[in-house]
Structure formats: C-alpha cells, structure tokens
Amino acid sequence: MSQQSKILAFAGSNRKQSFNQKLVAVAAAGAREAGAEVTLINLAEYDVPIYNQDLENAQGIPEKAIAFKKLLIEHDGFLIASPEYNSAFTPFLKNMIDWASRKESDDELPLQAYNGKFAVLMATSPGALGGLRGLTFLRMLLANLGVNVLAVQQAVPFARKAFEGDNLVDEQQRQRVMDLGRHLSDVLKVKN
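For every chain, the first residue of its written sequence is number 1, and the numbers climb from 1 along that sequence. Local features in this predicted model are restricted to residues of pLDDT 70 or higher, and side-chain atom pairs are both shown and tallied only at a pLDDT of 80 or more, whereas totals for entire chains, interfaces and linings draw on every residue. Side-chain metrics rest on all non-hydrogen atoms present in the structure, leaving aside hydrogens and water.

**Student:** So, the packing of helix 4 (residues 91-100) against helix 5 (residues 132-144): which residues are in play, and what are the values?
**Tutor:** Every axis in this analysis is a line fitted to C-alpha atoms, fitted for helices over the stretch in contact. Angles between the N-to-C directions lie between 0 and 180 degrees. Starting at the N terminus, helices and strands are each numbered in turn, a helix being any DSSP run of H or I of at least four residues and a strand any DSSP run of E of at least two. Relative to each other, helix 4 and helix 5 sit at 0°, their axes nearing to 12 Å. Put simply, helix 4 runs roughly parallel to helix 5. Facing helix 4, whose interface residues are Leu93, Lys94 and Ile97, helix 5 presents Leu138, Leu141 and Leu142. Residues are grouped as follows: Ala, Val, Leu, Ile, Met, Phe, Trp, Tyr, Cys and Pro are nonpolar; Asp, Glu, Lys and Arg are charged; all remaining types, including Gly, are polar. Grouping the constituent residues of the contact of helix 4 with helix 5 by class yields 5 nonpolar, no polar and 1 charged. Note that the term roughly parallel is reserved for angles under 35 degrees, roughly antiparallel for angles over 145, roughly perpendicular for angles of 65 to 115, and oblique for everything else. Working rule for contacts: check all heavy atoms of both residues, and any pair within 4.5 Å makes them a contact.

**Student:** So what's going on with the pairing of strand 1 (residues 6-11)? Which residues, and what values?
**Tutor:** The cut-offs for exposure are 20% and 50% of the maximum accessible area for each residue type, with area from a 1.4 Å probe on protein chains only; residues under the lower value are buried, those over the upper are exposed, and the others partly exposed. Taken across its 6 residues, strand 1 has 5 buried, putting it largely inside the fold. Any two strands with at least two DSSP-identified bridges between them are counted as paired. Where strand 1 lies against strand 2 (residues 37-40), 4 bridges are found, and the strand directions are parallel. When the sheet's bridge partners are listed, Ile7 is paired in strand 2 with Val38. When the strands point away from the viewer and the path from the first strand over the helix to the second turns clockwise, the crossover is right-handed. Chirality of the crossover, the property in question, places the unit of strand 1, helix 1 (residues 19-33) and strand 2 among those that are right-handed. Bridge count for strand 1 against strand 3 (residues 77-81) is 5 bridges, and the pairing is parallel. Across the sheet, residue Ala11 finds its bridge partner in strand 3, namely Ala81.

**Student:** Now, about the pattern of salt bridges: what can you tell me, with residues and values included?
**Tutor:** By definition here, a salt bridge exists when the distance from a side-chain nitrogen of Lys or Arg to a carboxyl oxygen of Asp or Glu is within 4 Å. Inspection of every chain in the model, using the stated rule, returns 10 salt bridges. A salt bridge links Glu33 to Arg182; its shortest N-O distance comes to 2.9 Å. A residue pair is termed long-range when its members are at least 10 positions apart, and Glu33 in helix 1 and Arg182 in helix 7 (residues 171-191) qualify at 149 residues. Glu33 sits in the exposed class, given a relative accessible area of 57%. Three or more residues joined by partner-sharing salt bridges are found here, namely Glu33, Asp179 and Arg182.

**Student:** Can you break down the sheet that holds strand 4 (residues 118-124) residue by residue, with the values?
**Tutor:** Judged by pairing direction, the sheet is parallel, and its 5 strands sit side by side in the order 2-1-3-4-5 without closing on themselves. A single partner strand is all that each edge strand has here, and the edge strands are strand 2 and strand 5 (148-156). Direction aside, the axes of adjacent strands within the sheet are offset by 15° on average. Pairing analysis gives 6 bridges linking strand 4 to strand 5, with the strands arranged parallel. The residue bridging Ala119 from the neighbouring strand is Val149, located in strand 5. Contacting strand 1 and strand 3, helix 3 (residues 63-74) runs over the sheet at an angle of about 140° to strand 1. Along the sheet, helix 5 contacts strand 3, strand 4 and strand 5; its crossing angle with strand 5, the most-contacted strand, is approximately 165°.

**Student:** Any chance you could break down helix 3 for me, citing the residues and the numbers?
**Tutor:** In this model helix 3 runs 16 Å from its N-terminal to its C-terminal C-alpha over 12 residues, within 8% of the 16 Å that 1.5 Å per residue would give. Along helix 3, the residues classified as buried are Ala65, Phe68, Lys69, Leu71 and Leu72. Taken around the axis of helix 3, the buried residues stretch over an arc of 155°, which confines them to a single face. Set apart from the buried face of helix 3 by more than 90 degrees, the exposed residues are Glu63 and Lys70. Lining the buried residues of helix 3 we find strand 1, strand 3 and helix 4. To estimate how far a helix should extend, the number of its residues minus one is multiplied by 1.5 Å. The arc in question is the one spanned by the directions pointing from the helix axis to the C-beta atoms.

In structure tokens form, the structure reads like this:
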C-alpha cells in the first residue's frame, strides 16, 4: 500500500489578501479531496533578506529560509500560485527559491529541496492573461533545479472580479483549479 502523498501549497506573494494565496488554497482543497496530505503556508511568514553570498558567509542561512527549505524537503510535491510582475514571477518568490537551494552542510545532496519533486503551477492577476506569462519563467527555473513541473496549469484572469471573498465565483473555473490539486495528488500516488 502506498503512503499518503504530501503536498506543500504556497503563493509567491507577500501581499495581504493576495489573490494568488486564495487561488492556491482552492487547488489545495482539490488535492485534499483526492487524498493528499496538504500543508498550505503563507510565504509572507517566511520573509528573509535578499540572497547575498557575503551575507550567507557571514551569518549563515536565515532561520526562516531553513524552515521553508525543510518544508520543501518534507513534501513530495508543490502547488505554486505565482503573481506576474512584468511578465515574470515575483522577486520575492525567486529569493525564497534561491535561499532554499543553498546547502547547509557538505554532506547535503545538491538541490535537495527540489530535485525529483513534482509541481503544478497556477496564477491569477487583474489582467486579461491572468498571470500566464510569468509561469513560463517559473517553469524553466524549477525544471533547472530538478523539479518535474507537470504540463497542466491554470491562469485566472480579472482576479478582482474572479474572487468573492476567498472563493472563485465561477464554478467551472473553481473546478479547473481544484483539478490541478487532484492531478498532482494522482501523479504522486503513482510515484509513491
């Protein structure tokens, strides 16, 4: 019997009332329905300085970055909702990815937080493309780190109208986002 899949869900946003945080919560609900154990975090709670090797050499890896990296290592897959900033993902998300890529000891495997993991990407934005352009660059970065980024993804346009409170207004759209979580859970069941 295979073990329960563990999925880490987060948004690459540090904004209060982030639409992408709401979006990833919908996908997380789909993954839970499919039987996965899901840890939904607010990445804003893991705020760290901008990565700088001099800072790392002088002070080590910040505690919050270590905590985030530990979560990545402990989970089999990731649900990531990424805002789009000028056709790319956020510098905040890139910074967290960079810190979590750093080795804490010589015997640690390279890119241990990423290598061999599975991920599904999504985005929402106030614009007509829903943050779609930024996912291309995020997909490339994660693949370069050894993450298996699944082909399915979803971009939700006109975020201000798409959400009412924490819920997606359109039922078909909500089901498509929940299906992202279900799909990742199903892939991880086969893997485990």
